[in-house]
There are 2 protein chains.
Amino acid sequence: MQLSNTSQYAIRMLAYMADKKDSSLINATKLSEALQIPYKFLTKIMTELVKADLVVSIRGREGGYTLKKNASDIMVGDILKVFNDSMQDEQCVLGIGFCNGMCKCALHDQWMKPKRLLQKMFRESSLEDIAGRGCKI
Amino acid sequence: MQLSNTSQYAIRMLAYMADKKDSSLINATKLSEALQIPYKFLTKIMTELVKADLVVSIRGREGGYTLKKNASDIMVGDILKVFNDSMQDEQCVLGIGFCNGMCKCALHDQWMKPKRLLQKMFRESSLEDIAGRGCKI
DNA sequence: GTTAATTACTACTTTAAGGTAGTATTAAAT
DNA sequence: ATTTAATACTACCTTAAAGTAGTAATTAAC
Ligand code: SF4
Ligand code: SF4
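Okay, so let's go over this structure. This one's a predicted model, so the numbers in the text were calculated from it and none came from an experiment.

**Quick notes on the overall build of chain A**
1) Next: Along the backbone of chain A there are six helices and two strands.
2) Next: Tracing chain A from N to C terminus, the helices and strands come up as α-α-α-β-β-α-α-α.
3) Next: Along the longest, intermediate and shortest principal axes, the C-alpha atoms of chain A span 60 × 25 × 25 Å.
4) Next: By residue count, 45% of the 137 residues in chain A fall in the buried class.
5) Next: Restricting to contacts in chain A with at least 6 residues of sequence separation, those with at least 24 account for 66%.
6) Next: With an accessible surface of roughly 7,400 Å², chain A has 47% of that area assigned to carbon and sulfur atoms.

Laid out in structure tokens, this is it:
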């Protein structure tokens, strides 16, 4: 009942980049060291973020990565989408989802409220909101 | 962001058993057919439920499984506990959880509310609440 | 132009969850 | 007593996520 490792890494990576005030360009080696994420795995994830248009990569010497948009314009939900980790509207808590409105279990309606809150949270929280509090994020 | 397959199966199995009015004893073969859960996997899960004191097994010919308590006394949360799929108090949405009250991200407080609702739901929903609506559960 | 530092690509290995096979054990039916 | 139908146990196989290795491509610095 939590986000995939990959999504967690992606969020931390982007949050860290959003937080870096000085140089907006950062390379994989430094990011990997700063966040304690395996270098090779990090570059693999980053390549996906580049393809998803959340990050710009600059290849070659003096290259690196930088956010493609303002931190306030990149939502946590956008990141989750890239790794198919979003919360779908029809998603059942139990993961069963065979049921419909006609024959619903007691959890069905109870699940609506927390689901809505989660969707809202992911939809409306930007990188800016989660970065830069000195957290280990 | 959902329960493990094993937990889902376990919930469906127990809910089905709670729903069976006629004979309280049911065997693995019938359960497996009714719920379309692989027989061998089902028995593996059931053995864990027996060890966890949620189910009583009767071995030998004419044997089978039956709930150890009233359906209204077995909570969804009890089942999740068996498979380490519970929602912990300290659990972070992002699964990071390095942070503390001093330096929390924007999600930290937003996560409280849905988390509480989920915990309450799992704690207070019994098998009786989710069984017997004609659902495919 | 050569070198050095960087990202991108391809392919592999490891780990844990999910699932399967075979056999031992149990106990009612006969 | 033997047979049969059931659960329990042990060990293995499969799959997808997580992680690793090596090399190609790119580009600034020299
Ligand atoms: S009725 Fe219950 S099991 Fe069916 S989709 Fe709704 S929450 Fe899931
Ligand atoms: S501050 Fe954010 S990242 Fe840290 S534990 Fe709370 S929700 Fe998780």
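Once you've had a look at it, read on.
**Thoughts on the protein's contact with DNA strand C**
1) Next: Among the 24 residues in the neighbourhood of DNA strand C, the closest are listed as S57(A), T6(B), P38(B), K40(B) and K44(B).
2) Next: Among the atoms of DNA strand C close to the protein, meaning within 4 Å, 63% are from sugar or phosphate groups.
3) Next: Between DNA strand C and T47(A) there is a distance of 3.3 Å, counted from a phosphate oxygen to a side-chain nitrogen or oxygen.
4) Next: A distance of 3.4 Å is found between a base oxygen of DNA strand C and a backbone nitrogen or oxygen belonging to G60(A).
5) Next: Per-class residue counts for the surface near DNA strand C are seven nonpolar, nine polar and eight charged.

**Observations regarding the relation of the copies chain B and chain A**
1) Next: The two copies are related by a screw motion: chain B maps onto chain A through a turn of 180° and a shift of 0.0 Å along the axis, at an RMSD of 0.0 Å. Put plainly, the chains are arranged around a two-fold axis.
2) Next: A share of 100% of the interface residues of chain B reappears at the interface of chain A, consistent with the copies meeting face to face through the same patch.

Cut-off values and rules
- Residues numbered from 1 in each chain as written.
- Chains lettered and ligands numbered in written order.
- Predicted model: local features only at pLDDT ≥ 70, side-chain atom pairs only at ≥ 80, totals over all residues.
- Heavy atoms only, no water.
- Helix = DSSP H or I, 4+ residues; strand = E, 2+ residues; numbered from the N terminus.
- Buried < 20%, exposed > 50% of the residue type's maximum accessible area, 1.4 Å probe, protein only.
- Contact = heavy atoms within 4.5 Å.
- Areas by Shrake-Rupley, 256 points an atom, 1.4 Å probe, with all protein chains shown as cover.
- Near = heavy atom within 4 Å.
- Polar contact = N/O pair within 3.5 Å; in protein donor to acceptor, adjacent residues only side chain to side chain.
- Nonpolar A, V, L, I, M, F, W, Y, C, P; charged D, E, K, R; others polar.
- Least-squares fit on C-alpha atoms with pLDDT ≥ 70 in both.

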